[in-house]
Amino acid sequence: MLYLFTWNNEYLVKEELKKWKTKFSSKFGEFNLTHIQNIEELDKNALSENLLSASFFSEKKLVLIDNLEKIEKDESKKEFLISILDKIPESNIIVLSSNSLQERSLLYKKCLEVWEVKRFDIKNTYETKLFIEKKYNSKLNPKAIDRIIAYKSNNLSKIVNELDKLFITKTFIEEADIVELITPEFEETVFIFVDKVLNKDQKSFFKDLDIILENTDIYAFYNMFLWNLRNFVYIAFFKHLWYKSADITRELSLWNRGFLTDKKFKLTYNELFTLYEKLIDFDKNMKFWKLIWSTKDDLKYELQKILF
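None of the values given here were measured: they were computed from a predicted structure.

### Regarding the confidence of the model for the chain
Here the chain averages 87 in pLDDT, while 94% of its residues score no lower than 70. Looking at the elements of the chain, mean pLDDT is at its lowest for helix H14 (residues 296-306), recorded as 73, and at its highest for strand S3 (residues 61-65), recorded as 96.

Following this line, the structure appears as structure tokens:
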């Protein structure tokens, strides 16, 4: 039995591999299970031994090999692996996994011939939400799920890790619990800050700026802030030209961030462009050493002057 696991969501495949290992070990014993994490370190003899030899002590043998794509760097070893795939005995269960093996590669095409390919994908935040509701038996307020998906940038591994910790002390999770107890990812923190700037929430975003800069390098924050704001500038420009939301999403390659095209805010078209021009001038002067300051607090002060 031969399998290739591929995915866009690492959490799902890790959980699946964990289930396979637990189920196999309980029936055939851990001695008959091999998990190879560095296939590039195996020579041809080791590959042959692990994949082709049967177990002396059991009717079944399970071999898991991570990061299959790493063997692509060694042409000779890759060709050898391809040559033995269809020679693997029925008693051996082989699971190769990779999230970056190219579908046009010879190895992938060979796997399609003799292997069962299993994909572990979550396409969007809606599917993430469905997964969380099912996993935790609807023990979260829907708004709490939306909030933690945003806070953790739709990273399922991080989401589950945070929720598991919260459920140690809670039987039901509200949105307020997420806001109070979970720290947003840096990207999401900046996104929230940009949203407040766009809505002229001056009192709040100045307070947030202080909190962000307590834990973040101001230059990293500034670059991320400028990158996020640039998206809204481009969107506003296309809307000014009467482009439809779907066309803007395609032109800017926004993909799962297409919802930005329908976002409403208080900053006018002219105010947005004026703000962006000020930030670009500031960025240019900073890179050409035309600004004088001695500390990062001076840089923060310059930013505060620009932000209204």
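Resuming the write-up.
### Focus: the packing of aromatic side chains
Note on aromatic pairs: each is described by the distance of the centres and the angle between the planes. Using the criterion set out here, one finds 14 aromatic pairs in the structure. Between Phe 24 and Phe 28 the ring centres are 4.9 Å apart and the planes differ by 40°, which places this aromatic pair in the tilted class. Residue Phe 24 and its partner Phe 28 are both found in helix H1 (residues 10-28); the two are separated by four residues, about one turn of the helix. Each member of the pair, Phe 24 as well as Phe 28, is classed as buried. With centroids separated by 5.6 Å and ring planes inclined at 80°, the aromatic side chains of Tyr 222 and Phe 282 adopt a geometry described as edge-to-face.

### Details of the nonpolar core
Generally speaking, a soluble globular protein has its nonpolar side chains buried in company with each other. Phe 193, Phe 221, Phe 225, Leu 229, Leu 275, Leu 279 and Leu 307 are the most contacted members of the largest nonpolar core, which totals 36 residues. When contributions to this core are tallied by element, the ones reaching two or more residues are helix H9 (186-198), helix H10 (202-215), helix H11 (218-240), helix H13 (269-287) and H14. Among all residues touching Phe 225, those that are not within four sequence positions of it are Val 190, Phe 193, Val 194, Val 197, Leu 279 and Leu 307. Residues Phe 28, Tyr 136, Leu 156 and Leu 163 belong to the second largest nonpolar core, which totals 33 residues.

### Concerning helix H6 (residues 142-151)
Because each turn of an α-helix spans 3.6 residues, side chains separated by three or four positions end up pointing in the same direction. The complete set of buried residues in H6 reads Ala 144, Ile 145, Ile 148, Ile 149 and Tyr 151. Viewed end-on, H6 has its buried residues packed into an arc of 165°, placing them on one side of the element. Buried residues along H6 sit in contact with helix H5 (125-135), helix H7 (156-166), helix H8 (175-181) and H9. Capping of H6 at its N-terminal end is provided by Asn 141; its side-chain oxygen lies 2.8 Å from the backbone amide nitrogen of Lys 143.

### Topic: unusual backbone geometry
Located in the positive-phi region is Asn 154, a residue other than glycine, with phi close to 60°. Tracing the backbone shows Asn 154 in the loop between H6 and H7. Although it is not a glycine, Lys 200 sits at a positive phi angle of roughly 55°. Following the sequence through the fold, Lys 200 ends up in the loop between H9 and H10. On the accessibility criterion, Lys 200 (39% relative accessible area) is partly exposed.

### Observations regarding the packing of H9 against H11
One can describe the packing of H9 onto H11 by two numbers: an axis separation of 9 Å at closest approach and a directional angle of 55°. When the axes of H9 and H11 are compared, the pair comes out oblique. H9 and H11 meet at a crossing whose hand is right-handed. Seen from H9, the contacting residues are Phe 186, Glu 187, Val 190, Phe 191, Phe 193, Val 194, Val 197 and Leu 198; seen from H11, they are Ala 220, Phe 221, Met 224, Phe 225, Asn 228, Leu 229 and Phe 232. Classifying every residue of the contact of H9 with H11 gives 13 nonpolar, one polar and one charged.

### Side note on the environment of Asp 74
Along the chain, the position of Asp 74 falls in the loop between S3 and helix H3 (75-84). Spatially, the C-alpha atom of Asp 74 lies 24 Å from that of Glu 116, the residues being 42 residues apart in sequence.

### Some thoughts on the pattern of salt bridges
The tally for this structure, following the rule as stated, stands at 19 salt bridges. Of the charged contacts in the structure, one is a salt bridge between Lys 70 and Glu 40, with a shortest N-O distance of 3.9 Å. With Lys 70 in the loop between S3 and H3 and Glu 40 in the loop between strand S2 (33-36) and helix H2 (44-52), the pair connects residues that are 30 residues apart, well separated along the chain. Judged by its relative accessible area of 34%, Glu 40 falls in the partly exposed class. The salt bridge partner of Glu 185 is Lys 152, with a shortest N-O separation of 3.0 Å. Of this pair, Glu 185 sits in the loop between H8 and H9 while Lys 152 sits in the loop between H6 and H7; the two residues are 33 residues apart in sequence, bridging distant segments of the chain. With a relative accessible area of 6%, Lys 152 lands in the buried category. Overlapping salt bridges, with partners in common, bring together Lys 152, Lys 158, Glu 162, Lys 165 and Glu 185 in one network.

### Examining the sheet that holds strand S4 (residues 92-97)
If you trace the five strands from one edge of the open sheet to the other, you get S2-S3-S4-S1-S5, paired in parallel fashion. At either end of the open sheet lies a strand with only one pairing partner, and these are S2 and strand S5 (116-120). On average, each strand axis in the sheet is inclined to that of its neighbour by 15°, with strand direction left out of account. In terms of strand pairing, S3 meets S4 through five bridges, oriented parallel. Looking at the pairing, Leu 62 lines up with Ile 93 of S4. Seen against the sheet, H2 touches S2, S3 and S4 and runs at an angle of roughly 135° to S3.

Cut-off values and rules
Residues numbered from 1 in each chain as written. Predicted model: local features only at pLDDT ≥ 70, side-chain atom pairs only at ≥ 80, totals over all residues. Heavy atoms only, no water. pLDDT = per-residue confidence, 0-100. Helix = DSSP H or I, 4+ residues; strand = E, 2+ residues; numbered from the N terminus. Phe/Tyr/Trp six-rings, centres within 6.5 Å; stacked < 30°, edge-to-face > 60°. Buried < 20%, exposed > 50% of the residue type's maximum accessible area, 1.4 Å probe, protein only. Core = buried A, V, L, I, M, F, W, Y, C linked by side-chain atoms within 4.5 Å. Contact = heavy atoms within 4.5 Å. Arc of directions from axis to C-beta. Polar contact = N/O pair within 3.5 Å; in protein donor to acceptor, adjacent residues only side chain to side chain. Axes fitted to C-alpha atoms, helices over the stretch in contact; angles between N-to-C directions. Parallel < 35°, antiparallel > 145°, perpendicular 65-115°, else oblique. Left-handed = near helix turned anticlockwise from the far one by under 90°. Nonpolar A, V, L, I, M, F, W, Y, C, P; charged D, E, K, R; others polar. Salt bridge = Lys/Arg side-chain N within 4 Å of Asp/Glu carboxyl O. Pairing = 2+ DSSP bridges.

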